[in-house]
Amino acid sequence: MSTATLKLRAPEGLGELLKLAWPVVLARLGIMTMGLTDAIIVGRHSAEELAFHALGWAPTSVLLTTAVGLLMGVQVMTARLIGEGRPHAIGGVLRRGIVYSLQIGVLSTLMLILLGPIGLHAMGLEPGLADGASQALLVFSLSLPFYLVSVAAQFFLEGLSRPKPGMNAMWVANGVNLALNLWLVPGLSGLPVEGAVASAWATFFARGSLAVFLLVYIWRMPEAGALGVFHPPKGEAAEAREQRKVGFGAGASYFIEVGAFAGMTLVAGLLGAAATAAWTVVLNVSAVIFMLPLGLAAATGVLVSRAYGARDRRGVERSGWLGLAVVGAAALVICLIVWPGARIISSAYTSDAAVLAMASAALVLACLFFVADALQVVAAQALRSAADVWLPTGMHLFSYALVMLPLGYVFAVPFGWGVDGIVWAVIIASLVSAGLLCVRFAIVSRRAI
């Protein structure tokens, strides 16, 4: 593939931003759907097995989210090298990404196998509950290397402005996961597995199919040879360092956010079962909504990375602010839908009157942080794409660990605001994060490249 051809495919303007974003949004929603499918089918099979599933999944989620951030350099560097007019070096980004994903995946698997069951038993759970969750956790851990390879491949394709294959692969994997869950979880297969462990094996094979689909697609791309996919990278130490740096920064940010929100769930636990359930509803709805800004952040990152690689300062500035404007408008529309429909949405999760009342009120309040949360994730990705890596991570640390966590506890417990207090803490932290990151992008986008 020639450099000219690649430049013709480079996204420009609103139409190209949306063209990039919607397949990424659907792919990210596919991740949520896979987990939701597992929970519904296992829950209908057995409430106890659902507890095994949830507890077995929880330790893997923090490592998984952090690992996805560590691979963010694949997307950023792929797009940046296209902007630099060096398509022959792009294959090296993918090769390094696959190596990193296998290293991170194997290390994460070993950590979970060695420490996961010990941690579950140390939590003071009932012995049977910890034993069942440990079995599911061990199977979940085995699928991490496959999933992270698929993430590296998906980020590579998104950096090439080809997000549709990743979207298609994710939904094919969802079909595989659904079919295997329906067959394995109720024990219809005749195999000595059912319930949570069977669902974990369904996830294992679904993730494996996702990785194989994407790698085969990349292998068979007509321009794969011209992109350097089949040749080991040579003399690219600077690109390798930058790829790792972007990943370290994104991984640290993801870890901080996931850990902080896990801490907010612990605060909700101090308020009792009903408050915990209400906060869980708000958190789940917010996570689904977050897939839209996450997709727009990926698209914005590709635009900014290519402009940065091309040494186009105005392109960096234009692309970043375009992404922020679009995500802000989209989040506002979502607020206008969720606000009046909060009770209907909450009733899909619970029929308990007390929980429903708390969840509905908190979800209305949560609309105040949807826009800020959307802006901060896009601004952070735009900054990483413009080679500003560590300051955004520091801003996340300040906003979510040093502002949100203490305020969440103070508002919810000593002040007695309950779940609404937790949501107010998230609102304030999101506003702080969005403000800091947007100001930082205004500074970075104006500097000489």
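See above for the structure.
The structure contained in this document is the topic of the report that follows. (Residues numbered from 1 in each chain as written. Predicted model: local features only at pLDDT ≥ 70, side-chain atom pairs only at ≥ 80, totals over all residues. Heavy atoms only, no water.)

**Digging into the overall build of the protein chain**
Item 1. Secondary structure assignment for the protein chain yields 15 helices and 0 strands.
Item 2. Taking 449 residues into account, the globule formula puts the C-alpha radius of gyration at 22 Å, and the protein chain, at 22 Å, falls close to it.
Item 3. Overall, the protein chain is about 60 × 50 × 35 Å in size when its C-alpha atoms are taken along their principal axes.
Item 4. In the protein chain, which comprises 449 residues, the share counted as buried stands at 55%.
Item 5. In the protein chain, the share of contacts with a sequence separation of at least 24, taken over all contacts with a separation of at least 6, comes to 83%.
Item 6. For the protein chain, the accessible area works out to roughly 18,200 Å², and carbon and sulfur atoms hold 71% of it.
Item 7. With 27 positive and 21 negative side-chain charges, the protein chain shows a separation of 14 Å between the mean positions of the two kinds. (Helix = DSSP H or I, 4+ residues; strand = E, 2+ residues; numbered from the N terminus. Rg over C-alpha atoms; globule rule 2.2 N^0.38 Å. Buried < 20%, exposed > 50% of the residue type's maximum accessible area, 1.4 Å probe, protein only. Contact = heavy atoms within 4.5 Å. Areas by Shrake-Rupley, 256 points an atom, 1.4 Å probe, with all protein chains shown as cover. Lys, Arg positive; Asp, Glu negative; His and termini not counted. Charge placed at Lys NZ, Arg CZ, Asp CG, Glu CD.)

**Observations concerning the side chain of Arg384**
Item 1. Residue placement: Arg384 occurs in helix α13 (residues 353–385).
Item 2. One buried charged residue, Arg384, remains without a salt bridge, the closest side chain of opposite sign being Glu257 at 5.7 Å.
Item 3. In contact with Arg384, other than residues within four places in its own chain, are Val76, Arg80, Val246, Gly249, Ala250, Ser253, Tyr254 and His396. (Salt bridge = Lys/Arg side-chain N within 4 Å of Asp/Glu carboxyl O.)

**What to know about the packing of helix α7 (residues 144–159) against helix α9 (residues 195–219)**
Item 1. Look at α7 against α9: their axes get within 8 Å of each other, and the N-to-C directions meet at 35 degrees. Crossing of α7 over α9 shows left-handed handedness. On α9, the residues that touch Leu144, Phe146, Tyr147, Val149, Ser150, Ala153, Gln154, Phe156 and Leu157 of α7 are Phe204, Arg207, Gly208, Leu210, Ala211, Leu214, Leu215, Tyr217 and Ile218.
Item 2. A breakdown of the residues in the contact of α7 with α9 according to their chemical character gives 14 nonpolar, 3 polar and 1 charged. (Axes fitted to C-alpha atoms, helices over the stretch in contact; angles between N-to-C directions. Left-handed = near helix turned anticlockwise from the far one by under 90°. Nonpolar A, V, L, I, M, F, W, Y, C, P; charged D, E, K, R; others polar.)

**A short note on the pattern of salt bridges**
Item 1. Counted by the stated rule, this structure contains 9 salt bridges.
Item 2. Between Glu317 and Arg313 there is a salt bridge, with its nearest N and O atoms 3.4 Å apart. Taken together, the positions of Glu317 and Arg313, both in helix α12 (residues 313–347) and 4 residues apart, correspond to about one turn of that helix.
Item 3. Accessibility expressed as a relative area gives 27% for Arg313, which makes it partly exposed.

**A word on helix α14 (residues 390–412)**
Item 1. The end-to-end C-alpha distance of α14 is 31 Å, a good match for the 33 Å that 23 residues give at a rise of 1.5 Å each.
Item 2. Taken as a whole, α14 carries its principal kink of about 35 degrees at Met404; the proline Pro406 stands between one and four residues after it.
Item 3. Every buried residue belonging to α14 is among Pro392, Thr393, Met395, His396, Ser399, Tyr400, Val403, Met404, Gly408, Phe411 and Ala412, and all of these are buried.
Item 4. Summarising the contacts, the buried residues of α14 are in contact with α10 (237–270), α13 and α15 (419–444). (Expected span 1.5 Å × (residues − 1). Bend = angle between axes of the 7 residues up to and from the residue.)

**Details of a nonpolar patch on the surface**
Item 1. Side chains of Val106, Leu107, Leu110, Met111, Ile113, Leu114, Leu115, Ile118, Leu138 and Leu142 sit close together on the surface and give an oily, nonpolar patch of about 890 Å² of accessible area.
Item 2. Looking at the nonpolar patch, the element that brings in the most residues is helix α5 (residues 90–122), giving 8 residues.
Item 3. Inspection of the secondary structure puts Leu114 in helix α5.
Item 4. Here Leu114 falls in the exposed class, since its relative accessible area comes to 58%. (Patch = residues over 30% accessible without salt bridge, like charges linked within 9 Å, V, L, I, M, F, W, Y side chains within 5 Å.)

**Thoughts on helix α11 (residues 273–309)**
Item 1. Taking 1.5 Å per residue, 37 residues should reach 54 Å; α11 reaches 51 Å between its end C-alpha atoms and fits that length.
Item 2. Most pronounced at Met291, the bend in α11 amounts to some 25 degrees, and the proline Pro293 follows within four residues.
Item 3. Among the 37 residues of α11, 27 are classified as buried, and the element is accordingly described as predominantly covered.
Item 4. One or two residues past the end of α11 sits Arg311, with phi positive at roughly 60 degrees.

**Considerations on the environment of Leu115**
Item 1. Residue placement: Leu115 occurs in helix α5.
Item 2. With a relative accessible area of 53%, Leu115 lands in the exposed category.
Item 3. A sequence separation of 56 residues divides Leu115 from Pro59, and the C-alpha atoms of the two residues are 9.9 Å apart.

**Description of the packing of aromatic side chains**
Item 1. Summed over all chains, the structure comprises 12 aromatic pairs.
Item 2. When the centroid spacing of 5.3 Å and the interplanar angle of 80 degrees are considered together, the rings of Phe146 and Phe204 count as edge-to-face. Taken together, the residues span a long stretch of sequence, with Phe146 in helix α7 and Phe204 in helix α9 at a distance of 58 residues.
Item 3. Ring centres of Phe261 and Tyr400 lie 6.1 Å apart, and the angle between their planes is 40 degrees; on these two criteria the pair is classed as tilted. Of the two residues, Phe261 is situated in helix α10 and Tyr400 in helix α14; the sequence distance between them amounts to 139 residues. Summarising the burial analysis for this pair, Phe261 and Tyr400 share the class buried.
Item 4. Taken together, the ring pairs connect Phe146, Trp201, Phe204 and Phe205 into an aromatic cluster.
Item 5. Its guanidinium or amino end placed over the ring of Tyr147, Arg207 lies 4.9 Å from that ring's centre, counting from NZ or CZ.
Item 6. Taking NZ or CZ as reference, Arg311 lies 5.6 Å from the ring centre of Tyr308, over its face. (Phe/Tyr/Trp six-rings, centres within 6.5 Å; stacked < 30°, edge-to-face > 60°. Lys NZ or Arg CZ within 6 Å of the ring centre and 35° of its normal.)

**Notes on the state of the cysteines**
Item 1. As enumerated under the stated definition, the model contains 0 disulfides in all.
Item 2. No disulfide involves Cys438; its sulfur sits 16 Å from that of Cys335, the nearest cysteine.
Item 3. Take Cys438: its relative accessible area is 16%, and that puts it in the buried class. (Disulfide = S-S within 2.5 Å.)

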